[in-house]
Amino acid sequence: MSDVERRASPPNPAEEPDMTLTDPETTTVTAERFRDAVDSDGVLERLLSSSATLSYDPEKEVDWDAPLEPLHDGVNPEWCTLYGTDLWERMGPEQRALLTRHEAASVASIGIWFEMLLQQMLLEDIYAKDYASPEFQFALTEIADECRHSIMFARGSQLIAGRSYKPAKGLHRAARLLKWIAKGEVAYTSILVAEEVLDVMQRDWMRGESVNPAVKTICKIHVVEESRHMKFARHETLEAMKGAGRIRRQVSAAMIAMVGYFIVKSLVQPDVYAEAGLDVKEARKAAASNSHHQSLMRLSCVHLMDFLSEAGLLTSFAKRMYRRVHMI
Ligand SMILES: [Fe+2]
Ligand SMILES: [Fe+2]
């Protein structure tokens, strides 16, 4: 296993990240993820109190005025969709760095898109719930986090790439329906899928030597705050799945897999190649057959797939969808 593959391996489920902005490398074994997800007693209260003590204001934490160096990367080069291809070998150092910055801006932009969708799904889910419940209050806390994240991603994209990206038009329009059709486990597991994929990437980028310092801080903030969101999503998924019958499981698994498929497929928009001065058709072809990138994606999703399987949401249809975007 190469260095980057080792770093891309998600943390062991037995390890709960306990990171601070000053010492992001620190990880402490404090809880067992899956046990926490099923053990309802106090999980949500603990998440609320953790949010109260460990949340960040990106406006103050990120050095928005730091100069942008031409060789600063946006994502670790090993995560670039063209890394290891013949086309990559033909690119100069500045062009490679430029491409990685546009790929980071694209991932962040798709992150904003999904964060807007998930906020709508959360609001729909808690609309009629008891205002005094920790579930209601944590969902609102998560929405508040996502508001800050989306502004942070928007500013970050502008900083490193001078622009943001949108998913394909039809998909962008169709996704408006998600808040109406994604309920219970479909909403929470869709959220989890997107958060897990981003989490593994950002854990690596925040340690990348050549990665722009503002991007590193953005990744650290997101990793810390998202670890609570993922715990909440796992908890809500398992709660929602209690007593779910075979047909509901099949339908929910298919819907979640389709959301996962479109999110992963959209992460790097084709325009990034044009921005880096590449022939878009040639670059897309090279990226589509890049086995290095595909194996990174598979490694990143190992624990997510374990959880889906445990929750009964890894059906054969779902597996086929995940396989098409190299998540398994
Ligand atoms: Fe977020
Ligand atoms: Fe989140």
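The structure we're discussing is the one just above.
Residues numbered from 1 in each chain as written. Chains lettered and ligands numbered in written order. Predicted model: local features only at pLDDT ≥ 70, side-chain atom pairs only at ≥ 80, totals over all residues. Heavy atoms only, no water.

**Quick look at the coordination of the iron ion (ligand 1)**
For the iron ion (ligand 1), the full set of protein donor atoms is E115 (OE), E146 (OE), H149 (ND1), H222 (NE2) and E226 (OE), at a range of 2.0 to 2.3 Å. Donor residues for the iron ion (ligand 1) sit on one chain with the sequence pattern E-x30-E-x2-H-x72-H-x3-E. The distance between the iron ion (ligand 1) and the iron ion (ligand 2) comes to 3.7 Å, with E146 serving as a donor to both metals. Residue E146 is located in helix 7 (residues 134-161), and its partner E226 is located in helix 11 (residues 213-241); the two are separated by 80 residues in the primary sequence. An identical accessibility class is assigned to E146 and E226; each is buried. (Donors = N, O, S within 2.8 Å, 3.2 Å for Na, K, Ca; no water. Helix = DSSP H or I, 4+ residues; strand = E, 2+ residues; numbered from the N terminus. Buried < 20%, exposed > 50% of the residue type's maximum accessible area, 1.4 Å probe, protein only.)

**Some remarks on the side chain of E196**
Here E196 shows up in helix 10 (residues 184-205). Within the structure, E196 has its side chain in polar contact with the side chain of R234 (distance 3.0 Å). (Polar contact = N/O pair within 3.5 Å; in protein donor to acceptor, adjacent residues only side chain to side chain.)

**Some thoughts on the coordination of the iron ion (ligand 2)**
Distances from the iron ion (ligand 2) to its protein donors, E146 (OE), E195 (OE), E226 (OE), E226 (OE) and H229 (ND1), fall within 1.9 to 2.4 Å. Linear spacing of the donor residues for the iron ion (ligand 2) on their chain is E-x48-E-x30-E-x2-H.

**Details of the pattern of salt bridges**
In total, this model carries 15 salt bridges according to the counting rule given. Residues E185 and R248 are paired through a salt bridge, measuring 2.7 Å at the closest nitrogen-oxygen approach. With E185 in helix 10 and R248 in helix 12 (residues 246-266), the pair connects residues that are 63 residues apart, well separated along the chain. On the accessibility criterion, E185 (3% relative accessible area) is buried. (Salt bridge = Lys/Arg side-chain N within 4 Å of Asp/Glu carboxyl O.)

**So, a nonpolar patch on the surface**
On the surface, a cluster of nonpolar side chains totalling about 350 Å² of accessible area is made up of L177, W180 and I181. Structurally, L177 can be placed in the loop between helix 8 (169-174) and helix 9 (178-181). Exposure remark for L177: the relative accessible area of 51% places this residue in the exposed category. (Patch = residues over 30% accessible without salt bridge, like charges linked within 9 Å, V, L, I, M, F, W, Y side chains within 5 Å. Areas by Shrake-Rupley, 256 points an atom, 1.4 Å probe, with all protein chains shown as cover.)

**Structural notes on the environment of E146**
Overall, the relative accessible area of 0% leaves E146 in the buried class. Residues E146 and F114, spaced 32 residues apart in sequence, show a C-alpha to C-alpha distance of 9.9 Å. Apart from residues lying up to four places away in sequence, E146 is in contact with E115, L118, Q119, E195, H222, E226 and H229. Here the side chain of E146 touches H149 through a polar contact of 3.0 Å, side chain to side chain. (Contact = heavy atoms within 4.5 Å.)

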